[in-house]
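# Summary of structural features
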Amino acid sequence: MSEERAKKRRTGKREKREGREGRRKQKEKKEKQREEREEEGGKRAEKKKTENRTVEKEEKKEREGRGKEKKRERREGGIEEEEKREEEEETEEKENRERKKRDKGNKKKMRRKEEKKEETREEGGRRRRKRNRKKQKREEKWRRRRNRGEENRNERVQFSSLTSGLGSALVAAVIGFLLYKRHRRHKEALARLAREREEILNSGGGKTAKVFTGKQIKKATNNFSKDRLLGTGGFGEVYKGVLEDSTVVAVKCAKVGNTKGTDQVLNEVRILCQVNHRGLVRLLGCCVELEQPLLVYEYISNGTLLEHLKGKLNGGLTWIHRLNVARDTAEGLAYLHFSAVPPIYHRDVKSSNILLDDKLNAKVADFGLSRLAETDLSHVTTCAQGTLGYLDPEYYRNYQLTDKSDVYSFGVVLLELLTSQKAIDFNRPPDDVNLAIYVKRVVEEERLLDAVDPDLKKGASEMELETMKALGFLAVGCLEERRQNRPSMKEVTEEIEYIISIATSKPEN
Ligand SMILES: Nc1ncnc2c1ncn2[C@@H]1O[C@H](COP(=O)(O)OP(=O)(O)O)[C@@H](O)[C@H]1O
Ligand SMILES: [Mg+2]
C-alpha cells in the first residue's frame, strides 16, 4: 500500500514538476512574445509618438490658441466674476446691513411693542381699576337709587292704595248710583205696566179686578208651598193664599195648553172679573208676571159638590140642600148666559166645579176659563172643552160648545144630585157606565125612582118623591140629544124654583 502511495506521490511530484516546467516555459515564451510585441510596439509607438508629437504640437498650438482665448475669456470672465463676486459681496453686505437694520428695527419694534404692551397692560390695569371704581360708584349709585326707589315705591304704594281706595269707593258709589237709578227706572216701568194692566182689567168701569205681582202671589201662597195646595185639577194646581189685607184667596194656575198673549189674557180676565153673582165664585184678579197666567179667586171654604156627594160630607146633603145647590148653580149659569156682556159659556160644568160655602150655598167655579186658551182647535185640550161624562154629544158633531152645552152638563149634575153617583163609573154594568145614558134608560122604563139615592128616598114624603121625579125629568130634558130640544138655563132655573117651592111648601092638612 505504501508503495502504491509512494508511487502515487512520485507520479504526483513528477507531474507537479512537469507542470512547473511547462508553466515556466510558457512564461518565457510569453515574455519573448511580449518583448517582441514591445519592440514592434516601440517602433509603432515611436512612429506613433512622432505622429502624436506632431498631432500634439498641432493640438498644443490649438490648445494654446484656445487657452489664450480661454485665458482671455477667463480673464474677462474673472473680472466679471470678480465684479459679480464684488456685487454679491456688496449685496450680501447690504443684505447683512439691512438684516442688521431690520433686526435692529425689529428689536426696536419688539422693544416698543413690549413697552407698548407694558404700557397697555399698565393702561389696561389703570383702566380696569378705573372701570372697577366706576362700577363700584355706579353700583353704589344704583343701590342708593334703589333704596330711594323703594322708599319712593313704598310711599307711592301707600299713596296709590290710598288713591285706589278712594277711586274704588268713588267707582262703587257711581255704580251704586247707576244701579239705584236702573232699579228705580225698572220699578217705575213695572209700576207703569201694572197701572196699564189694571186699566185694561178695569176698562169696563167699576174698579173690581186687580193685577197681582209675582212677589205678592208668592208671599200669599208661601212660595207655592205644598201645605197650601187645595187640589190639582185639569188646569193645574190650586193653592190657598192669604193676601196682605188678609183676604183668603184660591190661586189657580191657568194651564190651558197654549195660552193667549198677556194682553189677551188680561182682556179675558177683565170680562170674567166683571161677573158678579152670588152663584158664581168671584174672580178677584190675575198675575201675568210668572210662567203661566195665575187667576186669583175668592176662597170657598166648604169643598166641592163632588166631595159632598161622594164622601157625604157633614152627614150628607138633604133633598132640600140638593135642590138649593141645583138652584144656585142654575142661577149662576143663567147669569153667565143671559146677563154677562158678552155672554160667557162655562164649558166645564161639573160637580167638582161647584163649590159650597159654610151655609151650603153653591158657587160655580172656573167659568169661561177656556176663553184664555187660543181657539185653535188642534191645540185645545179636552180639559178646556169639558170633562168626559158631562160633554155635550153635539160637540162631537160640530166641535162647538154653546150655552146648550152647559145645559147638557148641568143635566148630568142634576142626575148626580139625584142619584149621588159619579158621571162616569166603570163599577157599573158596561151599559150603565155613563150616568146620563143609564138614567135615560131607567126613565124610559118608567122606573126613575129606582135610580134615586136610597138615602134620599129613605123617610121621604110623597111630595118629596114627586119633586125627585120632577127634577129627574128636568135633567132628562137637559140631556136631550138635540140642542134645540134642551131648555135654556133660565127655563131650568125657573123649573128648579118651582120644584123647590113645592118641596118646601107646607103639606096641607
Ligand atoms: N175658589 C176656590 N176655593 C176653594 N177651593 C177651591 C177653589 N177653586 C178650586 N178649589 C179647590 O181646588 C181643587 C182643584 O180645582 P180645579 O183645578 O178647578 O179642579 P177641577 O178640575 O176638579 O175643577 C178643587 O177640587 C177644589 O177643592
Ligand atoms: Mg175647577
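Everything numeric here is computed off the predicted structure, so don't read it as measured data.

Cut-offs and rules
Residues numbered from 1 in each chain as written. Chains lettered and ligands numbered in written order. Predicted model: local features only at pLDDT ≥ 70, side-chain atom pairs only at ≥ 80, totals over all residues. Helix = DSSP H or I, 4+ residues; strand = E, 2+ residues; numbered from the N terminus. Buried ≥ 20, exposed ≤ 12 C-beta atoms within 10 Å, placed from the backbone. Contact = placed C-beta atoms within 7 Å. Near = placed C-beta within 6 Å. Nonpolar A, V, L, I, M, F, W, Y, C, P; charged D, E, K, R; others polar. Domains from an automatic or database assignment. Core = buried A, V, L, I, M, F, W, Y, C linked by C-beta atoms within 7 Å. UniProt positions renumbered as here; feature names shortened; annotations may be inferred. Pairing = 2+ DSSP bridges. Axes fitted to C-alpha atoms, helices over the stretch in contact; angles between N-to-C directions. Arc of directions from axis to C-beta. pLDDT = per-residue confidence, 0-100. Expected span 1.5 Å × (residues − 1).

## Concerning the overall build of the protein chain
Counting secondary structure elements, the protein chain contains eleven helices and eight strands. Looking at the 509 residues of the protein chain, the share that counts as buried comes to 27%. Here the contacts in the protein chain between residues at least 6 apart in sequence split such that 65% fall between residues at least 24 apart.

## Some words on the site of ligand 1
For ligand 1, the set of nearby residues contains 17 residues, the closest of which are Gly231, Gly233, Val238, Ala250 and Ser352. Counted by class, the shell around ligand 1 contains ten nonpolar, six polar and one charged residues. When residues of the shell around ligand 1 are assigned to domains, at least three map to each of domain 1 (204–299) and domain 2 (303–509).

## A look at the nonpolar core
Counting 86 residues, the largest nonpolar core has Val269 and Leu414 as the members making the most contacts within it. Both domains that meet at this core, namely domain 1 (204–299) and domain 2 (303–509), each give it at least three residues.

## Notes on the UniProt feature "binding site: ATP" (unreviewed entry) in the protein chain
The feature "binding site: ATP" (unreviewed entry), as given by UniProt, occupies Lys252 in the numbering adopted here. Secondary-structure assignment places Lys252 in strand 4 (residues 248–253). Setting aside its immediate chain neighbours within four residues, Lys252 contacts Phe235, Val238, Leu294, Leu295 and Tyr297.

## Thoughts on the sheet that holds strand 5 (residues 283–287)
The six strands lie next to each other as 1-5-6-4-3-2, forming an open sheet whose pairing is mixed. Both edges of this open sheet fall to strand 1 (210–211) and strand 2 (229–232), since each of them pairs with a single strand only. Pairing geometry for strand 1 and strand 5, over two bridges, is parallel. Opposite Lys210, over in strand 5, you have Gly285 as the bridge partner. Along the sheet face, helix 3 (residues 262–273) touches strand 5 and strand 6 (294–298) and points at about 165° away from the line of strand 5.

## So, helix 8 (residues 435–444)
Those residues of helix 8 not exposed but buried are Leu435, Ala436 and Val439. The arc enclosing the buried residues of helix 8, seen along the axis, measures out at 95°, which places them on a common side. In this structure, the buried side of helix 8 is in contact with helix 7 (403–419). Note on helix 8: the residue one or two positions beyond its end, Glu446, has a positive phi of about 55°.

## Some points on the confidence of the model for the protein chain
As a note on interpretation, predicted positions should not be read in detail where pLDDT is low. Per-residue confidence for the protein chain gives a mean pLDDT of 82, with 83% of residues at or over 70. In this model residues 376–384 is a low-confidence stretch, pLDDT under 50, and it forms 16 contacts with partners more than four residues away in sequence or in other chains.

## Some details on the environment of Ser501
As for its position among the elements, Ser501 is in helix 11 (residues 489–504). Sequence separation between Ser501 and Thr467 is 34 residues; the distance between their C-alpha atoms is 9.7 Å.

## With respect to the pairing of strand 2
Pairing of strand 2 with strand 3 (residues 237–242), which is carried by three bridges, proceeds in the antiparallel orientation. Residue pairing for strand 3: Leu229 is matched across the bridge by Tyr239. In sequence, strand 2 turns back onto strand 3 through a hairpin of four residues, with Gly236 there showing a positive phi of about 140°.

## Looking at helix 7
Each α-helix turn comprises 3.6 residues. Residues three or four places apart therefore point the same way. Taking 1.5 Å per residue, 17 residues should reach 24 Å; helix 7 reaches 25 Å between its end C-alpha atoms and fits that length. Most of helix 7 sits out of view: 17 of its 17 residues are buried. Just past helix 7, the residue Ser420 takes up positive phi, approximately 60°.

## Description of the environment of Val476
Relative to the helices and strands, Val476 is located in helix 10 (residues 462–478). Taking the C-alpha atoms as reference points, Val476 and Ala436, 40 residues apart in sequence, are found 8.0 Å from one another. Setting aside its immediate chain neighbours within four residues, Val476 contacts Lys440 and Val443.

## Section: the pairing of strand 5
Buried residues dominate strand 5, accounting for five of its five residues. Two successive antiparallel strands, strand 5 and strand 6, enclose a turn made up of six residues.

## Section: the environment of Leu294
Tracing the chain through its elements places Leu294 in strand 6. Placed 41 residues apart in sequence, Leu294 and Cys253 show a C-alpha to C-alpha distance of 4.7 Å. If we ignore the near neighbours within four places in the chain, the residues touching Leu294 are Ile217, Val251, Lys252, Cys253, Ala254, Cys286 and Cys287.

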